[in-house]
Structures are given as structure tokens and as C-alpha cells.
Amino acid sequence: MLERGTEQVHESFEVAMAWAMEAAQLHPPNRAYRRVAIGVAVGTGLYALWQAYVYSLKRDSFVAYTLIAKEPVSSTASIFHLALKQPDHNYEIYKDAWRRGIWNVHFKQPQLQIVRAYTPLPPIDEKTAEEKGEMRFLIRKDPHGEVSSYLHKLRIGADIEMRGPNLEYELTPEVRQVVFFAGGTGIAPALQVAHALFEGRRPAESDAVNSDRKLHILWANRMREDCLGGVSDDPPAESLPPKPSWTGFFTNPKRKPSPPISEKKVVIVQDLEALKQRYPGQITVEYFVNAEDSWIDEDAVFRALSRFDDKDFSTGYATSREQRQILISGPPGFIAYLAGPKEWKNGKEEQGAVSKLVAHAISKNPHNVKVWKI
Ligand SMILES: Cc1cc2nc3c(=O)[nH]c(=O)nc-3n(C[C@H](O)[C@H](O)[C@H](O)COP(=O)(O)OP(=O)(O)OC[C@H]3O[C@@H](n4cnc5c(N)ncnc54)[C@H](O)[C@@H]3O)c2cc1C
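Residues numbered from 1 in each chain as written. Predicted model: local features only at pLDDT ≥ 70, side-chain atom pairs only at ≥ 80, totals over all residues. Heavy atoms only, no water.

Details of the overall build of the protein chain
The helix and strand tally for the protein chain stands at eleven helices and 16 strands. Within the protein chain, buried positions represent 46% of all 374 residues. Put simply, 72% of the contacts in the protein chain that link residues at least 6 apart link residues at least 24 apart. Put simply, the protein chain shows about 19600 Å² of open surface, and 56% of that area lies on carbon and sulfur atoms. (Helix = DSSP H or I, 4+ residues; strand = E, 2+ residues; numbered from the N terminus. Buried < 20%, exposed > 50% of the residue type's maximum accessible area, 1.4 Å probe, protein only. Contact = heavy atoms within 4.5 Å. Areas by Shrake-Rupley, 256 points an atom, 1.4 Å probe, with all protein chains shown as cover.)

A word on the site of the ligand
The environment of the ligand is formed by 16 residues, the closest being Arg116, Ala117, Tyr118, Asp142 and Ser148. For the ligand, a nitrogen atom lies 2.9 Å from a polar atom in the side chain of threonine 119. One of the backbone N or O atoms of glutamate 146 is found 2.9 Å from an oxygen atom in the ligand. Out of a free accessible area of 980 Å², the ligand has 53% covered by protein chains. A class-by-class count of the residues in the shell around the ligand yields five nonpolar, six polar and five charged. (Near = heavy atom within 4 Å. Polar contact = N/O pair within 3.5 Å; in protein donor to acceptor, adjacent residues only side chain to side chain. Nonpolar A, V, L, I, M, F, W, Y, C, P; charged D, E, K, R; others polar.)

Some remarks on empty space enclosed by the protein
Throughout the structure, instances matching the rule amount to two cavities of 30 Å³ or more. A volume near 40 Å³ is recorded for the second largest cavity. Lining the second largest cavity, in full, are Val73, Leu138, Arg140, Gly184, Thr185, Trp219, Asn221, Asp226 and Ile268. Broken down by secondary-structure element, the contributors of at least two residues to the lining of the second largest cavity are β6 (134–140) and β9 (214–221). Classifying every residue of the lining of the second largest cavity gives four nonpolar, three polar and two charged. Shared between two domains, the lining of the second largest cavity takes at least three residues from each, and those domains are domain 1 (63–168) and domain 2 (171–203 + 210–236 + 258–373). (1 Å grid on protein atoms, 1.4 Å probe; cavity = no way out; pocket = protein on both sides within 12 Å on 5 of 7 lines; lining within 4 Å. Points joined across faces, edges and corners; volume = space filled by probe spheres on them. Domains from an automatic or database assignment.)

Side note on the domain arrangement of the protein chain
Along its sequence, the protein chain is organised into domain 1 (63–168) and domain 2 (171–203 + 210–236 + 258–373). Just the C-alpha atoms count here: the centres of domain 1 and domain 2 sit 24 Å apart. Opposite the 22 residues of domain 1 that make contact, domain 2 presents 22 residues. Residue arginine 140 is joined to aspartate 226 by a salt bridge in which the shortest nitrogen-to-oxygen separation is 3.2 Å. Remark: the boundary between domain 1 and domain 2 carries seven residue pairs in polar contact (both at pLDDT 80 or more). Sorting the residues of the side of domain 1 that touches domain 2 by element identifies β2 (77–84), α3 (92–100), β3 (101–109), β5 (120–121) and β6 as the ones contributing at least two each. (Salt bridge = Lys/Arg side-chain N within 4 Å of Asp/Glu carboxyl O.)

Regarding the nonpolar core
Across soluble globular proteins, you tend to see nonpolar side chains buried next to one another. By size, the foremost hydrophobic cluster in this structure holds 38 residues, and its most contacted members are Phe180, Ile187, Val193, Leu215, Trp219, Ile268 and Leu272. Looking at this core, the elements that each hand over two or more residues are β2, β8 (177–183), α6 (187–199), β9, α8 (267–278) and β12 (283–289). Element by element, the count of residues in this core is highest for α6, at nine residues. Shared between two domains, this core holds at least three residues of each, these being domain 1 (63–168) and domain 2 (171–203 + 210–236 + 258–373). Not counting the four nearest positions on each side in its chain, leucine 215 is found in contact with Val178, Phe180, Ala190, Val193, Ala194, Leu197, Phe198, Gln282, Ile283 and Thr284. Ranked by size, the runner-up nonpolar core spans 26 residues in total, among them Leu67, Phe80, Tyr118 and Val147. (Core = buried A, V, L, I, M, F, W, Y, C linked by side-chain atoms within 4.5 Å.)

Description of the sheet that holds β2
What the seven strands build is an open sheet, ordered β4-β3-β7-β1-β2-β6-β5; its pairing is antiparallel. At either margin of the open sheet sits one strand with a lone partner, and together these are β4 (114–118) and β5. As judged from the two bridges shared by β5 and β6, these two strands associate in the antiparallel manner. Paired with leucine 121 across the bridge in β6 is arginine 136. This element, α3, spans β1 (63–72), β3, β5, β6 and β7 (159–170) of the sheet and lies at about 35 degrees to β7. Most of the contacts of α6 go to β3, to which it runs at about 135 degrees, and overall it touches β3, β5 and β6. (Pairing = 2+ DSSP bridges. Axes fitted to C-alpha atoms, helices over the stretch in contact; angles between N-to-C directions.)

Quick look at the pattern of salt bridges
Think of it this way: side chains of opposite charge can pair up when their charged atoms draw near. Throughout the structure, instances matching the rule amount to 15 salt bridges. Linking aspartate 271 and arginine 136 is a salt bridge whose minimum nitrogen-to-oxygen distance equals 2.8 Å. Separated by 135 residues along the polypeptide, aspartate 271 in helix α8 and arginine 136 in strand β6 bring together distant segments of the chain. A single burial state applies to aspartate 271 and to arginine 136, both of which are buried. The closest approach of N and O atoms between arginine 278 and glutamate 199, which form a salt bridge, is 3.0 Å. Note that arginine 278 is positioned in helix α8 and glutamate 199 in helix α6, a separation of 79 residues in sequence. By relative accessible area, arginine 278 is classed as partly exposed at 44%. Take glutamate 199: its relative accessible area is 29%, and that puts it in the partly exposed class.

And the structure:
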């Protein structure tokens, strides 16, 4: 988790102290000036400390939200719409999180006093969401799960205690291309990445920088109902390495025939299509449905990697690994299957080595790429 409050204090302290030092050096004989400079620096530092304290109070204390709508997506998942009970409560702290990357909030189950993390879906209309203090979540019902079944039982108008934001992964302004593997509700962080990359960037970033960005999402679900209406974008031409067939000749395997396309589109598919329309050619999506025997296999990972645009990244260019990233989000089994498991070390969850399909694909088509398990 990134401690934004602490970061702010450091930045303000550094600026204030640099200014005080400079003033002291420029005006060595002037004691009064030096005293004022040091006083201002200490004052600024104390103010920054106070700001950080207020920020952490807001982030760490639970705030009441009201459940205003529940939109079923499938038999096991719904989109929850929540609005701040007191709309004057600070929405600012979330605005910053939207620009930074992947983040979550904690919901409390009040009877058992337990909390679980949930990932807000980007607002459809940022201005309206901010005015109303509204948030959306895709929440899967686990029939034996304490908090998710509690949430799914709540009636419209019920209160939900929420605290956050907890920043999980920051996208630096350097990021240009992302391949995102999402399993089930792991699509919510992928949508946050889309928002941070394309919609929430700081105004200082030019259109030229924005038009350079690309995001390819591979979204896997067990059942079609979770991604109903989703149609995969075509893979890039000649992206697969030739495979030896039983005849000894090299052939490109045929893609499986797609199932009939549903007219009805679930909300998340609608959100993805709206993004694709707003950023044509920059956002692409592939859908995988396990019940239809469609899996993110080695070929799919290889194809995804070949989407990384090499014109700016060919060998010889001194590009940083930050620029191209593979992000993986979903249940632990999904992450482990694609890139090896995360590991626990000294009571902390760490990334663990990158292995399995992602490692094989990178070794076949070497890229200077950062891999991160969410
Ligand atoms: C950063 C982050 C973001 C997340 N974002 C989302 C999101 O946007 N949407 C979403 O739906 N989920 C999200 N999750 C998952 C969410 O936090 C919960 O883990 C999920 O809702 C299940 O919580 P629960 O309390 O309902 O289940 P739990 O009570 O924690 O149970 C989980 C499972 O464990 C089993 N279990 C519990 N106790 C035992 C036991 N003693 N023996 C055997 N099995 C047991 C239960 O049967 C159940 O299947 C996120 C998780 C993280 C870490």
C-alpha cells in the first residue's frame, strides 16, 4: 500500500527545508531573515504533518454509505451502487486514487466486525459521481462467504460502512502499454487501469502522450453469463509462432469457432465497449469462457505479448521496464496458473518469481517488460 500522506509530508518538508537552506546561504549576515526562513520552513512542515494526519484519519476511519441500487450481472455477481450518506464528506481523496492506478476500499460486516477489500469500478460520469459521492462495485456472491453473502442480502437503502482508499499498485506516468490478464472480478482493477491510463491522467500530459498508450485486456470467466455480449477483438496478424503438426510441417493452429453472440450485453461489457469507442485502436479485449472450453493458454499469452508495439521498444532503445507492463489480477489459482504464485515472506505477501505461461511467452519473444501480480 502506498502511504500518500507520508509522501506528501516528505515532499513538503524537502521543499521547505531546501528553501530555508537557500535563504540561509543567500543571506548569511541577516539573522532576522534566517529566523523567518526557518520559522516558515518549520510552519510548512507542521502544516504538511497536519494534512497527512487528516488524510490518514479520512482514509482509516469508516464512513457510512447507502446502497442505492443493485444490478444483477449474472447468477453470482451484481453491481452495487453506493452513495455517501452525507454528500459533503470529502470525495477528494478518491479523486487522487483514480489517477494513480489500482486501489480498493474495505467494507465492514458490522455483526462480526470483519472487513474485506473491494475494488471500485470507474465512474461512468466522473462529475456526477463526484457530486453525488457515488461508487460502483462488482461483487461476487460466495454462498459460504461471510461478507459477500452479507452484502448480497442487504436491501436497497441499507447502510454500508466503508474505509479507504488503499492504493495497491501505482501506474507511473511512464507507462505506455499494458497487457492485463483478468480472472472474474479481477476485471475491476483492469478497468481502473484503463481509467488511470486514458481518462484520469494529469492535465499536463499531452494528447500525443495519451494517443501513444495501449491496453489489451484478456478477461477469463467460468460462465458466459458473466461477460454476456462480449466479442473478442481480432488478434494481431501473424502473431503466433509456427507449430509443428503431426505431419512434420509447420502450421498455424485454427481458432475455435465462436459461440453465437448475444444481443444483451452485461454492464461490464458495456463499459469495456464504451472505452473501446472512446479510444479506438488503443483498448482491445479478448474474452475467455471456461464453460465453452476457451482458456488463456500459452498461445493466448504469446499472442497478447505480440501486441506490444515494438516500433518504440526495439532492442537498442534504452526504454525502462516501466513502459511496458503485464498485470495479472484474479483468484490466487488464476495468478499462479499464469505467472506462478505470490509468496509469503516474513508475514508479508510478496510477488514471488515469474514462472509458468507468462515466463515461457517472454522467453520465446523477449521483451523488456515488467510483470506484476495484483
Ligand atoms: C485487494 C482485493 C480486492 C478485491 N476486490 C473484490 C471485488 O471488487 N469484488 C469481489 O467480489 N471480491 C473482491 N475481493 C475479494 C473479497 O475481498 C472477499 O475475499 C470475497 O468477497 C470473499 O469474502 P467473504 O467474506 O464473503 O468470504 P470468506 O468468509 O472470507 O470466505 C471465503 C471462502 O473461504 C471459504 N472458507 C471460509 N472459512 C473456511 C474454513 N474454515 N474452511 C474452509 N473454507 C472456508 C468460504 O467457504 C468461502 O468460499 C477482493 C480482494 C482483495 C484482496
